[in-house]
There are 2 protein chains.
Amino acid sequence: MQEKVRIPGMGGEDLLFLTDDQLRRGIEAMFFAYRAFTADPDMILADLDYGRAHHRALHFINRDPGLTVTALLAVLGVTKQSLNRVLRTLIDDGLVESRVGRRDRRERQLHLTPKGVALERRLSEAQRARMRAAYRKAGPQAVAGFRQVLEAMMDPEMRSQYQAMKELPE
Amino acid sequence: MQEKVRIPGMGGEDLLFLTDDQLRRGIEAMFFAYRAFTADPDMILADLDYGRAHHRALHFINRDPGLTVTALLAVLGVTKQSLNRVLRTLIDDGLVESRVGRRDRRERQLHLTPKGVALERRLSEAQRARMRAAYRKAGPQAVAGFRQVLEAMMDPEMRSQYQAMKELPE
DNA sequence: TTGATAGGGCAGCCTTGTTGACTTTCCAAG
DNA sequence: CTTGGAAAGTCAACAAGGCTGCCCTATCAA
C-alpha cells in the first residue's frame, strides 16, 4: 500500500502541507474513535452502576498496585474530592483496598481486591478486544504511527507520566 | 499480563505479536492524548462559560451549515433534551441561528452567525494548532497510520458517518 | 514543638448526560 | 380536508462526576 518509507521528524524537515481540512478530519477521527474506545466498558459499567471514573481508577490501581492517593490524583488529573467519591464507593464495594503506608503512615496505598481485579479484567478486556481488532486491521506500521502521533499530541508533562508508565517493570 | 496473542499480519509474512501490555499502552495513549486534545479549547470555553458540548455543536454546525437538529443529534450521539439545552444558550447568545426548513418547515436548519463563526474558529484553531504540531513531529507516515487505526476503531455505523463527513465538498 | 503534608469529610455548585410525558407544528396519505 | 405520524420543542426530575472552599486528623520532618 505504502511503498515509500520516509523517516519523519529527525533530520530533513519534511514538507508537510496540512490544510485545515486535513486537520479537521484528524480532529473528527479523534472524536469518533474516542467515543468508540469508551463505548464497550461504558456498557458494562452502566449495568453495575459505575461510571468511567471508576474504570479509570481501577485501571491505574491495577497497573501500579500500591500507588498512593496523591499519585493517582496526579495521573487522573482530577481533584481529591472528585476522586474520593469514586474511590469511596470502590472501597465500600470491596473492589479496592486502602492500606496504610509502611514508609509513611499518612499515605494510603491502593490495591485491587480479587473482586476488583476481576472487574478490571472484564472492563479492560472489552477495551483491549477493540484495540486488538483495530491494530490487526490497520497493521503494525499504522500502529507505530498511531502511537507516535498520540504521544506527540500530549503535553510534555503528561508525556513523561505516560513514558514512566510504559517503562514500568512487569 | 504476558500472554502473547498472535496476530496474522496483512501480508501474511510478518507475524505481529500483541501482548496485553502493548494494548494497555495503546489504551493509555488514547486516554492521555484525548485529554491533551480537548485541553486547549476547554480553557477558552471555561472563560466564556461554555462547555465541550457547546464546542461540539459549533464544530458540526460549522462544517455542515444548515444541518437539522435531528441530524446533529445523530452525529453527536446525545438526546434531544441534552442538545436542546446547549443549543438554546448558543441561539440566545447569538452564536447559532435556527431557520425554519424550506423543504420541510418543521425542521430547523442550523447556521452559525458571524459571532458563532468567530468563536468556532478560535476554538478549532487552538485544537488544530496542537494537531498540526503533532502531525509535523510524527511525520506523514505516522499520520496515515494514526488515521487508519482510529478509523478501524470506530463502529461501522460511526465510521460511515465519519466517512460521509470526510467527503463533504469544501 | 511546630509547620507542612497526606488524606478524609462535608457542603454546595455546575455541566451535561439521562427518562418520561406532553404540546405544537406540519407534511402527506387517505 | 381530515388525520396519523414525524419533527421539534418544553418541562420536570434525576445522576454522574467535575469543581471550590473549608475544616479536620494523623503523621512526618526540621
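Parameters at a glance
- Residues numbered from 1 in each chain as written.
- Chains lettered and ligands numbered in written order.
- Predicted model: local features only at pLDDT ≥ 70, side-chain atom pairs only at ≥ 80, totals over all residues.
- Heavy atoms only, no water.
- Helix = DSSP H or I, 4+ residues; strand = E, 2+ residues; numbered from the N terminus.
- Buried < 20%, exposed > 50% of the residue type's maximum accessible area, 1.4 Å probe, protein only.
- Contact = heavy atoms within 4.5 Å.
- Areas by Shrake-Rupley, 256 points an atom, 1.4 Å probe, with all protein chains shown as cover.
- Buried area = accessible area lost by both parts, 1.4 Å probe.
- Salt bridge = Lys/Arg side-chain N within 4 Å of Asp/Glu carboxyl O.
- Polar contact = N/O pair within 3.5 Å; in protein donor to acceptor, adjacent residues only side chain to side chain.
- 1 Å grid on protein atoms, 1.4 Å probe; cavity = no way out; pocket = protein on both sides within 12 Å on 5 of 7 lines; lining within 4 Å.
- Points joined across faces, edges and corners; volume = space filled by probe spheres on them.
- Nonpolar A, V, L, I, M, F, W, Y, C, P; charged D, E, K, R; others polar.

Chain A is annotated in an unreviewed UniProt entry as MarR family transcriptional regulator from Paracoccus siganidrum.

The helix and strand tally for chain A stands at seven helices and three strands. Written out in order from the N terminus, the α and β elements of chain A read α-α-β-α-α-β-β-α-α-α. Each of the 170 residues in chain A was classed as buried or not, and the buried ones make up 47%. A sequence separation of at least 24 residues applies to 50% of the contacts in chain A between residues at least 6 apart. By element, 53% of the accessible surface of chain A is carried by carbon and sulfur atoms, the whole surface being about 9200 Å².

Contacts between the two partners involve 66 residues from chain B and, on the opposite side, 65 residues from chain A. Carbon and sulfur atoms make up 70% of the area that chain B and chain A hide from each other, which totals about 7000 Å². Area buried by chain B at its contact with chain A is led by B:Phe32, B:Gln141 and B:Met153, which between them contribute 10% of it. Connecting chain B to chain A are 10 salt bridges. With a shortest N-O distance of 3.3 Å, A:Arg63 and B:Glu28 are connected by a salt bridge. Counting every contact that joins chain B to chain A gives 15 residue pairs in polar contact (both at pLDDT 80 or more). For the side of chain B that touches chain A, the secondary-structure elements that each account for two or more residues are strand E1 (4-8), strand E2 (15-19), helix H1 (20-47), helix H2 (52-63), helix H3 (69-76), helix H5 (114-138), helix H6 (140-153) and helix H7 (156-167) of chain B.

Now for the layout of surface pockets. Of the volumes computed, that of the largest pocket is approximately 760 Å³. Along its surface, the largest pocket is lined by 28 residues, and A:Tyr34, A:Arg52, A:Arg56, B:Tyr34 and B:Arg52 are the ones closest to its centre. Elements supplying a minimum of two residues to the lining of the largest pocket: helix H1 (20-47), helix H2 (52-63) and helix H4 (80-92) of chain A together with H1, H2 and helix H4 (80-92) of chain B. In terms of residues, the lining of the largest pocket owes the most to one element, H1(B), which gives six residues. Of the residues in the lining of the largest pocket, the class split is 15 nonpolar, six polar and seven charged.

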